[in-house]
Structures are given as structure tokens and as C-alpha cells.
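# Residue-level structural notes
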Amino acid sequence: MMAGDLAQRIRDRQPGRALAREFYTDPFIFQRDMQDMLLRHWFCAGHASSIPNAGDYWLVDLGAESVIIVRTQSGEVRALLNVCRHRGSRICSGRSGKVQSGRLTCPYHAWSYDLDGRLMVARQMPDSFQRAEFTLKSLPVRIMEGLVFITFAEEPLELAGAADALARSAGVHGWASAKVAHREMYSIKANWKLAVENYMECYHCTPAHPEFAKRHVYARPAQHNQELELAGRSRAAALGIVVPDIDHYGCAAGAGRESVAVMRSALHDGMVSATDDGRSVSRLMGSFSASDGNSTYFDIGPISDFLAYPDHGVIYRFIPRTVDHTEMEVMWLVHQDAVEGVDYDVGRLTWLWRTTSAEDKKIVEMNQAGVNSRFYCPGPYSLQETYAGRFVDWYLQELSRGAEGRAAGDWAS
Amino acid sequence: MMAGDLAQRIRDRQPGRALAREFYTDPFIFQRDMQDMLLRHWFCAGHASSIPNAGDYWLVDLGAESVIIVRTQSGEVRALLNVCRHRGSRICSGRSGKVQSGRLTCPYHAWSYDLDGRLMVARQMPDSFQRAEFTLKSLPVRIMEGLVFITFAEEPLELAGAADALARSAGVHGWASAKVAHREMYSIKANWKLAVENYMECYHCTPAHPEFAKRHVYARPAQHNQELELAGRSRAAALGIVVPDIDHYGCAAGAGRESVAVMRSALHDGMVSATDDGRSVSRLMGSFSASDGNSTYFDIGPISDFLAYPDHGVIYRFIPRTVDHTEMEVMWLVHQDAVEGVDYDVGRLTWLWRTTSAEDKKIVEMNQAGVNSRFYCPGPYSLQETYAGRFVDWYLQELSRGAEGRAAGDWAS
Amino acid sequence: MMAGDLAQRIRDRQPGRALAREFYTDPFIFQRDMQDMLLRHWFCAGHASSIPNAGDYWLVDLGAESVIIVRTQSGEVRALLNVCRHRGSRICSGRSGKVQSGRLTCPYHAWSYDLDGRLMVARQMPDSFQRAEFTLKSLPVRIMEGLVFITFAEEPLELAGAADALARSAGVHGWASAKVAHREMYSIKANWKLAVENYMECYHCTPAHPEFAKRHVYARPAQHNQELELAGRSRAAALGIVVPDIDHYGCAAGAGRESVAVMRSALHDGMVSATDDGRSVSRLMGSFSASDGNSTYFDIGPISDFLAYPDHGVIYRFIPRTVDHTEMEVMWLVHQDAVEGVDYDVGRLTWLWRTTSAEDKKIVEMNQAGVNSRFYCPGPYSLQETYAGRFVDWYLQELSRGAEGRAAGDWAS
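Calculation notes
- Residues numbered from 1 in each chain as written.
- Chains lettered and ligands numbered in written order.
- Predicted model: local features only at pLDDT ≥ 70, side-chain atom pairs only at ≥ 80, totals over all residues.
- Heavy atoms only, no water.
- Least-squares fit on C-alpha atoms with pLDDT ≥ 70 in both.
- Helix = DSSP H or I, 4+ residues; strand = E, 2+ residues; numbered from the N terminus.
- Buried < 20%, exposed > 50% of the residue type's maximum accessible area, 1.4 Å probe, protein only.
- Contact = heavy atoms within 4.5 Å.
- pLDDT = per-residue confidence, 0-100.
- Buried area = accessible area lost by both parts, 1.4 Å probe.
- Salt bridge = Lys/Arg side-chain N within 4 Å of Asp/Glu carboxyl O.
- Polar contact = N/O pair within 3.5 Å; in protein donor to acceptor, adjacent residues only side chain to side chain.
- Nonpolar A, V, L, I, M, F, W, Y, C, P; charged D, E, K, R; others polar.
- Disulfide = S-S within 2.5 Å.
- Core = buried A, V, L, I, M, F, W, Y, C linked by side-chain atoms within 4.5 Å.
- Expected span 1.5 Å × (residues − 1).
- Bend = angle between axes of the 7 residues up to and from the residue.
- Axes fitted to C-alpha atoms, helices over the stretch in contact; angles between N-to-C directions.
- Parallel < 35°, antiparallel > 145°, perpendicular 65-115°, else oblique.
- Left-handed = near helix turned anticlockwise from the far one by under 90°.

Looking now at the relation of the copies chain C and chain A. Overlay of chain C on chain A (RMSD 0.0 Å): rotation 120 degrees, translation along the axis 0.0 Å. Seen this way, the second copy is the image of the first under a three-fold rotation axis.

Structure representation (C-alpha cells):
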């Protein structure tokens, strides 16, 4: 597909409807997705508690990119491209680890970098060689409430609003003092936008997620929940918990600012956490002296979503890989002092979102299979799919202005 | 490859020879195959006896398309696109099943359709929403002698000649009163045209199918079989069996009419069915009071082929999926009242065509491997490959006029 | 990518640096690689001792091509395209075998060729059919010191210099009287040029190949080895072994001539062969009356590399398949009269290069993973990567003049 065709297709979209087939299937459009949206925005790489000591690292992927998230000697967190400046080899492999001897050493020719990415050793180079020119490329990093955010953008979007929103959501939930208790990776044979649209709406929750729907009132239309939501707000107020609803999502973020949204919603009556039996699953976090029976949804940028309960949290990371392959990483957070087997049981902690994620993988893949049809025709969003529709509006806006402000890197081919 | 290049390549073909490499390897040409030939013609989806009751369904694929073949409340058979009108999800999964509560309910957001495809339930839609505009797309269906035919064409090809031919072949064999005793799917790593060319000629039968060649005289050149074929015709006449040879195959079908051909051929002397021992394998079907020791070949359109014996039948369905992947479904038919273990044994029933199909998969894949070579150069068809050559002539004719009369759907990209 | 873009990219390359990303990832450039370089050059297909008798054959692949290397009735070695002249089927399958009844018979329709590729039997062809027009296509074959070389070029490159160089290297090592003791195939998920660059430099040997580096002094920079190399030359001279260094590699081959290079290098002190314990692993070969503790590296064309020790040898064949998939075949040679279990043990014989090849597969795949990044930027070659740099210079020269002199076959795609 040519760029001109794409502009026409963007104009052709009917407001209030899902995208046409090509947006979910065309490799050229996926390239545009990467350039015009995914590489422009901040995304969550994980939680800083995963790398407590200098030299600890983990790897984060996006498309064909691999980034090393590493704790430096001075205690900072750096994001270094996992691409040796010599002949381009990956430097680290595996998912996480500990750098030996404080040096990131490429296994191919042993070019060796310090934890800030400075090239320290390169044997047998010509006299003209200037080590200082071969520092590992690095990405902007921002840690907010313990969450590590990075971006590939050369001119990163403004994060002030996002930081404030996180302080008033993740901050209240004590995420800066959390740790990762468990993680799962889901490989989804579908375009990333179908996975994100799925996450952004709860119209499907009642038919597709019976376990979720029994715990979160959000599965029902808003007008059915007014009483329960009001009761939830009263419980929060009684405990002094203040988490405002914030909506700077997508196009509402404003030019040059990162998208952020925060929203609270009640659990069904009598439930203190989103568990099998509705009872607590770990020790209380942050400002919570007791559970208020609510959940806090928030997200930053297009592919990083979060869900906080009084006693645990969930990070959702969508990782677009190719036009028809997306990975979804789910991480469960608990209080940093919680002890496995004493304060929490991993099986109970993860049950609801393991179950829900497995269901999501299946329905998103069936969605992709149907969208591949020549006879697929985008239908209208329901009243319960407002955010999916807003996501699509935002996505198309990003693609439209792609031609103007490019993200970093070499976009040729 | 551009459309102009394709026109030139069609003109470049040497008559009497197989196709050039690109026709078997180029994804662009495969798209043209879908549009200009496969989606224009009728093809057999299976046998109506597979869905005796209202709500029974099975799924049929072609390329990226999935179709629900379902028995409605009024007893009709409908072919509904397996693509929800909301956000495009597949509605049914699995190969076959029974619709719950008489409703096709999408597992994603629970849009619910009756068995005629009318949208009955869609929760939480805006006031402007008109349910009647969101009926499942459906395809024309025609049941002939128990066989279910469907087509993606907006203006379907005329079937009168095909119906007549089927009445005089499948009809004589009693296929309207048959049932499916067994099915097998073969996944072939090759372009669909190589699979069809292979089916359309028996030049390869002697070297590649020794089991077939010992049972069907058709494996030998026609001039060697005159005596045996005449004897076969006498046996048929003695039993009052009249099945005419009909040749409206391919280009001979005439404009706007579906291709159909019927041909009889004898089994080797003394054999009453195409079985391991040449003996009967199930109860007699249709007009047969005894076996006449002949077989009846017939086909409708380019990818649906049939073979009838006095006591059983075989349906061959070719299912093009991508440029280098074809599925082949084989179904074995017996009399609807035949009882497994009493009247027939599945192992004996299916032996010859399981053996032959496994051989075909292998030789067609070796053909594709060779055709992929830059040094492949199409050679001349033998006298025993007339129908393969006619298939290719027909295929090129279809591609040539593709630009004029398009089939249904959105052909962009 | 268009041809004009490619020319610009070739001009854009910074001398002394690896190639830009597209050269390792773009399917269009891979097609050019095939046409402009791989199909123009000679490459080693294996060792003639593998087919001692008439009708013995083995199959050789390159890209999508398959070639039958067969011993004819007259004792010659022929290279026949494994593509039937009828409908293009592969004729032989499997890796090697013995032709039945002296005829290459296609398993599809039984067209049958003699061992020179002449069509002998084709049933049921029209009267106008001329068998003589349907001889199997064949490639030029040249056997030098027992090694079988073939080329797809219509006007093959001159081999006189290569033959002379082989006589003075493989010849001294007695390879004409060798046999293949073992072979291994490695499937590498990487572009072929990364695999060849890896082979052409030993900068990576110290970090990535500790086993090799303990045996071959070549793993170290040349200036560290002067004493050891001089001692090695003295040992050779004392035994009357003369193997000259020859450098007609790549661009230095001269127009119309095949690339060839020969180089000797010492083993570490006290080692007589490149084995686990440094001791001999089989009987001495060629002109060696004792081991001189040296190794002889030589190569012909871009993808055929060889390594000779006094008591065994190694053939390295790189087999580009697709833009991101390369096979690497390694064959171990011993004296033709050596007896397994008596003169040599396969485990000891193959240990070093099995170990080293497994390491190479891993590092080359990590190289590809990093090169796929948008942020990959080709760095400068070290002083120990001269040959990798020369390989890349040569490769770009070949691509540049591709437009002028094409290799054989149908290059249209």
C-alpha cells in the first residue's frame, strides 16, 4: 500500500466504527504504526524493583527492538539499545540477569561497555578509532511511582500530566514500594490494535469474562452501577482514599503531551479484592488502612495499562512484534515487604488475570481471523466501547500527522 | 508483479504446456486466482446429511474466508459468513457443532443472530442503531443430490446444466440418500493449481498410484482399455444403469454457466468395488441392484470433484489457502442406512483413497519444490493429461477476463 | 526496494564498515545476491569420493535450487538440475542415494533420463514430441583435488588460478585421496553474509571460541604470533612441506577469474592436530611424513571454505536459502584408507569444529537479531577483520556490476 492510499483510507473511515481490514493486516501499515505511534510514545518497561543492584538488568522488546534496562553504579536506571556499536550483535540475551564485572561485554567480539553504555574496551582497532564515538545508544527513562517508562522518541512527549496522574493513582496505591510477584507472557496471533481495543472496552466482559464480571461492576453498563459506585466512593471517602478520575486519554492529551487516564470502579458488594473468594490476597499497600472495595484503572500512552487493588496491582504491557503478532506481558505487584507463602499465594494472587488473559488471547485471535475476511465490514461501537473508539480515533490522528514529526531512528525501507 | 506484467505472462504461455513458475509462486497472482476464479465459481461444501436438524452446522474455509453451513428452523440450509457484523470476530469455531438455543451468538460481545442470520440481540447500542442493517452476510446455496454447493459470486453462474448432469450421475448413484462415513484433511505445501492439475490427469497413476492402477483401468491410456470399457458398459446396460458422459468442462461450459463433466470408466475385471480385494465394501446405493464394476467421475467448477462406485462414493474438495498452501478434504459416502461395523468397515472403505491421497500429497509437494526453481521450464502435456491442460486453459481464460467481471467483496489491496 | 535505491545504498556505504541493515534483511536484495553473486560463482558441492560408482548421487541445494551430483556410466561426475523437464517435479529426494537401473526416473510421471540427463522414456507423448529437446539441464562441473565444484553461471569464471592454488594446498594435503568421514548440517536463522563475514575473521575467536583459540594461534593478532608462525614454517620446511600463501581473494581475483586464497598458520606449540588433546586423530595425508603442526586455510569463491591439517580436513559450505536463513554444511575428511574405529574416532575427529560451529550458529543469530534493529549502525572493522571487510567490498562490487553481466536462468520474478 502506498502512502497516498493510506491517507485516503484514513479519510474513508466511518466515525464510531472499528478500522477497515487493511489496518489490521497490511505490513506497510504496521511499519507506519511503529513509526508514527509506537516509537513516539512512552511505554512501561516494568518495575524498578526488579533491578535493585548495580548491574542488574532485564530486556524489553518492541517490534524488532531490544532494550537493556540496567541499574548503573550510581543507582540510576538506564535504557540502552541492545545493539553492539561494532557489528550490531545483541549484547545481552535471556530475559534478565546480572552484568558480570560491571561491564556489558558483547559475546561476539568482546567490545565492552560500562553500565552507562560508554565503550571501555575494543581490541585491535585502527589508530583513528575514537572510543567515545561508540557509546551504546540510550533512550530517555522516567521512573514514576516505581514504574519504569521509556520512549524511542527523539523529542519525548511531555510527562508532567502523566506524572501527576500517577502520583494520584499508583502513588496512593503505594506502587513505589511494590515488587513484582509474578509475570506471564501471552503470545497473541493478532494485530496489536485488536489487543488494545479489546483491553479498552468492557462490552465483552459479560459474555467473555464471567470471572471478571462477577467481581468488577465495570462489566455492566454504567447506568446499572450508579448505586454500587456511589457506595464504593463512600467507602473510599471513609478511609480517606482520594483517587480522582482523570481523562487526558488519546486525542484529549493535548499536543506534545503523553496520554493518561485514571478511573475508579467498585468491586461487587462484599469483595475486598478481585480474588476467587473476594477476600484479601496480600497485605495492604500505600495509603490503604483497609480495603475500600474499589479498583483503580490507569494507563499511560497507547500500550501500557495498569490496574490497582488495595492489596495488589497488575501491569499490562502490549508488545507489538509484527503485523499479526503481539505479545502481552502481565505482571502482578504486591507490597515490597510481602512474603510469598506468608502474605500471599501466587496461585490466588494471579488467578483472575491469568484466567481473563487466557480468555482475551482466544477472543482477540478469533477477532483477527474474522477481520482477515474480505467480507469483514467494520460495525458500530456500542455505548460500552467508548474507549475502544477513542483509541481508534487517536490512532488515526497519529498516523495522519506521521509525515510531519518522525520519531528517532532510520525509517527508510 | 503488476497487472500489465500478468497480462503479458498470460499471452506468453505456450499452448499445451504447464504454467510458468510465477503462476505457482507469486502471492499477487494468488490474489488474482481468488478474485477471478475461486470466488466466482460454485464449490461443494459437503453433504447435507451432515446437518440433519435445525441448528446443526459445520464450517467451510476458502482462502481466509470461513462460512457457516447451517440448517435453519424451516429446514433449509443457509451459508452465512462467519464474521460478526459488530467488530468482525469469528462467531463459530471448531469444525462443526450444534448452535445453542437456536441462536448464533458471537462469543466476543454476544451479538446474537437467528439461523437465517438476522441480528436479534445487540446490547447497549446507540438509539440510531438499526438491527436490520446488520444481518450476517450470506452466500447462495444450492443442494443437488444431497451435495451442498455455495459460491461467493454476486452474480452466480448458471447451474441448470450442472444440476442435470448431477441428476444423471450422483442421482443414479443415490447420493441424495447418502451419508458421510468418514473424512480426512490433507495439508499440502503447494499451490492449489498443482493439486488440481494432479487430480485432473491419470498420466501419473501408473508410476505414482500402483494401488489405484490395479483397480481402475483409467490409469492406462484409453486405447488399451477399449475392450474393458465396452465390457463395463455392457454390464451397466444389463443392470439398466444409464450414466451419460458429459463434457461441459472449463471453457466448454459456455459463458455464464458453471463447468461440469461426467465420465464413466471400468474397474479391472472381476472387481465390484475399488477395495483392497475388489469386493463390495458397503450396501448398494441408488439405482444399483448389483455392482456393474464401473466408477463414475464427475466434477462441478474448478475445485470440487467426485467419484462414485455402486456401493460408496468419494468427495474431493480442494481448499486453496495461500499461494503455497492447499488443503484437500476427502469425504467417503455410504448409503444413509448403512451401519458401521455391520454394512461397512471404515478401514476397508477408505483404504484406496487414503493411500492414493497420501501419495498425491507427496508428489504434488515434490512438484512444487521443483517448480520453485529458476530453471523450471514448463514441458508439454502428454496425451493422458488432456484435462490438466484444459484446466490450465480455463484458468488463464478466467484470469484474462478478471478485469471485467469481479466477484463479490472488497478487492482493494 | 527499487534498483535505483540499491545503487544509492551501495554508494552510501562507509568504507571499512559492515553493511547497512537492508543488505541483511531485504528480500529484494537477497534476490540480487542470488543473481549477481551466488549464481555467478563456483562453489564446492562436496567430495567426489562420496559417489564411487555409476549411479551414485547426492543432492546439493542453493536458494530454491536443487542439483543432482551423479556419477555417470563412464565414470564422470555430472551436475543435473533436479527439475523434471515435463512438469517440473523434483526427480530425486533424500540427501543421497543410488539411481535404480541406471535411470533417473521422475516419481511423478516416470519420465526417465540416463545418467547424462538425456531423456530416454516419456510415455504417451504427441507425435511432434522430440525427446532430444528435453534433456535435463546441467551445470558445469570441475573436480579439483577430489573436490567437486559447480556453478550456475552461463559463462563460468576462469578456474586456472584456483586449480593451481588448490594443487598447492589441498594437493599437498592429499585431498584427492581423501574420503568424507562425517558431515553435519547447521540451520542458521541469519542472512548468509553474516555467516560468511563471521567465517572470514578471527577477531571473535578469542571471546567466542575458547576451544579454537587454545589450538590455533590465528585467534590472536598477527603481531603476537610471529615467533610461533616462524617456528611452524621451520617445521614445515624440515619436512619438505611447501604450501605458499596465495591471495587472489575477492576483488583481487581479477576480472573473469574465480576468487582463491591460501594461508598457513601454526597450531600452538606441541600440538600436531587440532584435537582435544593436541594429538593426532587419524593417519597422515598427502605429502606429510609427520605433522608439521600447521593448518592450511583456503577458499574458492564466496561460500566455499576449507581447512587442512596433516591428518584430516574440513570443508565448510555456506548455503544461502532465503534472506534470513542459511544452512552451513561441515564435512570432515580423512585419508581414503583410514578405517573408522582403527585409524580414527568420529567423536575426536569432529570435536573442535562441531563445538566451534555450534558457537558460530549462536553468535551469527545474535548478530542478525541486533542488525534487525532500526538503531543498528554499521561500526568499523578491527585490524583482525580484514578479510570480512574485503568480503563486503567484493560483495558490493558484484552487486554494482550485476546489471551488466547476468548469470544463467530466468531472472524475472
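This part is about the side chain of Thr356 of chain B. Residues and elements named next belong to chain B. As for its position among the elements, Thr356 is in helix 9 (residues 346-371). Classification of Thr356 by relative accessible area gives buried; the value is 2%. Among all residues touching Thr356, those that are not within four sequence positions of it are His209 and Phe212.

Further remarks concern the confidence of the model for chain A. Caution applies to low-pLDDT parts of the model: their predicted coordinates are not meant to be read in detail. All names here are of chain A. Averaged over all residues, the pLDDT of chain A equals 95, while 97% of them reach at least 70. Note that residues 404-413 has pLDDT below 50 and, in this model, 25 contacts with residues that lie over four places away or in other chains. We note a pTM of 0.95 for the whole complex and an ipTM of 0.94 for its interfaces.

In this complex, chain C contributes 36 residues to the contact, which on the side of chain A involves 37 residues. Where chain C abuts chain A, roughly 3,000 Å² becomes buried across the two surfaces, and 54% of that area is made up of carbon and sulfur atoms. On the chain C side of the contact with chain A, Tyr203, Arg374 and Phe375 of chain C bury the most area, a combined 29% of that side's loss. If you look at where chain C meets chain A, you find 3 salt bridges. Of the charged contacts in the structure, one is a salt bridge between Glu197 of chain C and Arg87 of chain A, with a shortest N-O distance of 3.8 Å. Scanning the region where chain C abuts chain A turns up 13 residue pairs in polar contact (both at pLDDT 80 or more). Elements represented by at least two residues in the side of chain C that touches chain A include exactly helix 2 (21-25), helix 5 (192-200), helix 6 (205-208) and helix 9 (346-371) of chain C. The element best represented in the side of chain C that touches chain A is helix 9 of chain C, accounting for 6 residues. The residue makeup of the side of chain C that touches chain A, split by class, is 17 nonpolar, 11 polar and 8 charged.

One way to say it: the disulfide is the covalent bond shared by the sulfur atoms of two cysteines. Within the structure shown, the criterion is met by 3 disulfides over all chains. Disulfide pairing places Cys202 of chain A opposite Cys205 of chain A at an S-S distance of 2.1 Å. Taking the sign of the torsion about the S-S bond as the criterion, the disulfide between Cys202 of chain A and Cys205 of chain A, at about -105 degrees, is left-handed. For Cys202 of chain A, a relative accessible area of 5% gives the class buried. In this structure Cys44 of chain B is a free cysteine whose sulfur lies 20 Å from that of Cys92 of chain B, the closest cysteine sulfur available.

What follows deals with the interface of chain B and chain A. Contacts between the two partners involve 37 residues from chain B and, on the opposite side, 36 residues from chain A. Between chain B and chain A, a total of about 3,000 Å² is buried, with carbon and sulfur atoms accounting for 54% of that surface. Of all residues in chain B, Arg87, Tyr108 and Gln124 of chain B bury the most surface against chain A, accounting for 27% of the area lost on that side. In this structure, Glu201 of chain A and Arg87 of chain B form a salt bridge, with 3.2 Å as the shortest nitrogen-oxygen distance. At 3 residues, the largest contribution of residues to the side of chain B that touches chain A is made by helix 3 (residues 27-38) of chain B. Taken together, the residues of the side of chain B that touches chain A break down into 20 nonpolar, 10 polar and 7 charged.

It is worth spelling out the nonpolar core at this point. Ranked by size, the top nonpolar core spans 241 residues in total, and within it Ile69 of chain A, Ile69 of chain B together with Ile69 of chain C carry the most contacts. Once you skip the residues sitting within four places of it in the chain, Ile69 of chain C turns out to touch Ala45, Ile51, Asp56, Tyr57, Trp58, Val60, Val77, Arg78, Ala79, Val148 and Ile150 of chain C.

For the rest of this paragraph, the subject is helix 9 of chain C. Because an α-helix completes one turn every 3.6 residues, residues spaced three or four positions apart along the sequence face the same direction. Residue and element names in this part refer to chain C. Taking 1.5 Å as the rise per residue, helix 9 with 26 residues should run 38 Å; its terminal C-alpha atoms sit 36 Å apart, in good agreement. At Leu352, helix 9 shows its maximal bend, which comes to roughly 40 degrees. Sitting at the head of helix 9, Asp345 places a side-chain oxygen 3.1 Å from the backbone nitrogen of Gly347.

With that settled, consider the packing of helix 5 (residues 192-200) of chain A against helix 9 (residues 346-371) of chain A. All names here are of chain A. Relative to each other, helix 5 and helix 9 sit at 125 degrees, their axes nearing to 10 Å. Relative to helix 9, the element helix 5 lies oblique. The handedness of the crossing between helix 5 and helix 9 comes out as right-handed. Here Leu194, Ala195 and Asn198 of helix 5 lie close against helix 9, whose contacting residues are Asp360, Ile363, Val364, Asn367 and Gln368. Broken down by class, the residue content of the contact of helix 5 with helix 9 amounts to 4 nonpolar, 3 polar and 1 charged.

What follows deals with unusual backbone geometry. Not every positive phi belongs to a glycine, and Ala110 of chain B is a case in point at roughly 70 degrees. For Ala110 of chain B, the location among the structural elements is in the loop between strand 6 (104-105) and strand 7 (112-113). Of note, the phi angle at Gln124 of chain C is positive, near 60 degrees, even though the residue is not glycine. Residue Gln124 of chain C is classed as buried on the basis of its relative accessible area of 19%.

Applying the stated rule across the entire model yields 78 salt bridges over all chains. Two residues, Glu22 of chain B and Arg9 of chain B, come together in a salt bridge whose shortest N-O distance is 3.5 Å. In this pair, Glu22 of chain B sits in helix 2 (residues 21-25) while Arg9 of chain B sits in helix 1 (residues 3-12), placing the two residues 13 residues apart along the sequence. We note that Glu22 of chain B, like Arg9 of chain B, is buried. The residue Glu398 of chain B makes a salt bridge to Arg401 of chain B at a minimum N-O spacing of 3.9 Å. You can call Glu398 of chain B buried: its relative accessible area is 4%. Taking the relative accessible area as the measure of exposure, Arg401 of chain B reaches 28% and is therefore partly exposed. A single network of salt bridges, built from pairs that share partners, joins Arg78, Asp114, Asp116 and Arg118 of chain A.

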